[in-house]
Amino acid sequence: MDQATPRPASEPSGDPPSGLGPATQEFLKALGSPTRQRIMMLFAQGAELSVGEVAERAGISQATASQQLTLLRRGRVVTSRRAGKTVYYRADLDGALAALTDLRAYLLTCC
């Protein structure tokens, strides 16, 4: 097949799949911990919580809650906003959907 001719979608290119993007890898890492999974359930139905509220409801220290929320934010599972000295967190639906779209494309390619 000529180099300039695009390959049909059904024809394999011979190249190995490129893998998941870095953002999707961070997303999967963020959800890989039972503690972070438990924290995410606190954000059900659009709840917005401070670090202190997350710590209290999850039964963990504020330092641990802060570390876990940082990993969740890095994975685009939660988003945050500052109001004065308090930072509030909530689920990041757009970030999660973007990662799931990437994961779906990857799985359709490799499997």
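For clarity, every value in this text was computed on a predicted model and none was experimentally measured. (Residues numbered from 1 in each chain as written. Predicted model: local features only at pLDDT ≥ 70, side-chain atom pairs only at ≥ 80, totals over all residues. Heavy atoms only, no water.)

Engineer: Hey, could you run me through the sheet that holds strand S2 (residues 78-83) in this one?
Structural biologist: The strands that make up a sheet are held in pairs by hydrogen bonds between backbone atoms, and each pair lies either parallel or antiparallel. If you walk across this open sheet you meet the three strands as S1-S3-S2, and the pairing is antiparallel. Each edge of the open sheet carries a strand with a single partner, namely strand S1 (49-50) and S2. Sheet analysis places S1 next to strand S3 (residues 86-91), joined by two bridges and oriented antiparallel. In the sheet register, serine 50 faces S3, and the bridge partner there is tyrosine 88. (Pairing = 2+ DSSP bridges. Helix = DSSP H or I, 4+ residues; strand = E, 2+ residues; numbered from the N terminus.)

Engineer: I tried to follow the confidence of the model for the protein chain on my own but got confused; where do I start?
Structural biologist: The predicted coordinates ought not to be read in detail in places where the model reports low pLDDT. On average, residues of the protein chain score 87 in pLDDT, and 84% of them are at 70 or above. Throughout residues 1-13 the model reports pLDDT below 50, and contacts reaching past four residues in sequence, or to other chains, amount to six contacts. (pLDDT = per-residue confidence, 0-100. Contact = heavy atoms within 4.5 Å.)

Engineer: Mind showing me how you'd approach the packing of helix H1 (residues 22-30) against helix H5 (residues 93-110) here?
Structural biologist: Helix-helix packing is characterised by the crossing angle of the two axes and by the distance between the axes. Packing of H1 against H5 brings their axes to within 9 Å, and their N-to-C directions diverge by 110 degrees. As far as their axial angle goes, H5 and H1 are roughly perpendicular. For the pair H1 and H5, contact is made by Thr24, Phe27 and Leu28 and by Ala96, Ala99, Leu100, Asp102 and Leu103, respectively. For the contact of H1 with H5, a count of residues per class yields six nonpolar, one polar and one charged. (Axes fitted to C-alpha atoms, helices over the stretch in contact; angles between N-to-C directions. Parallel < 35°, antiparallel > 145°, perpendicular 65-115°, else oblique. Nonpolar A, V, L, I, M, F, W, Y, C, P; charged D, E, K, R; others polar.)

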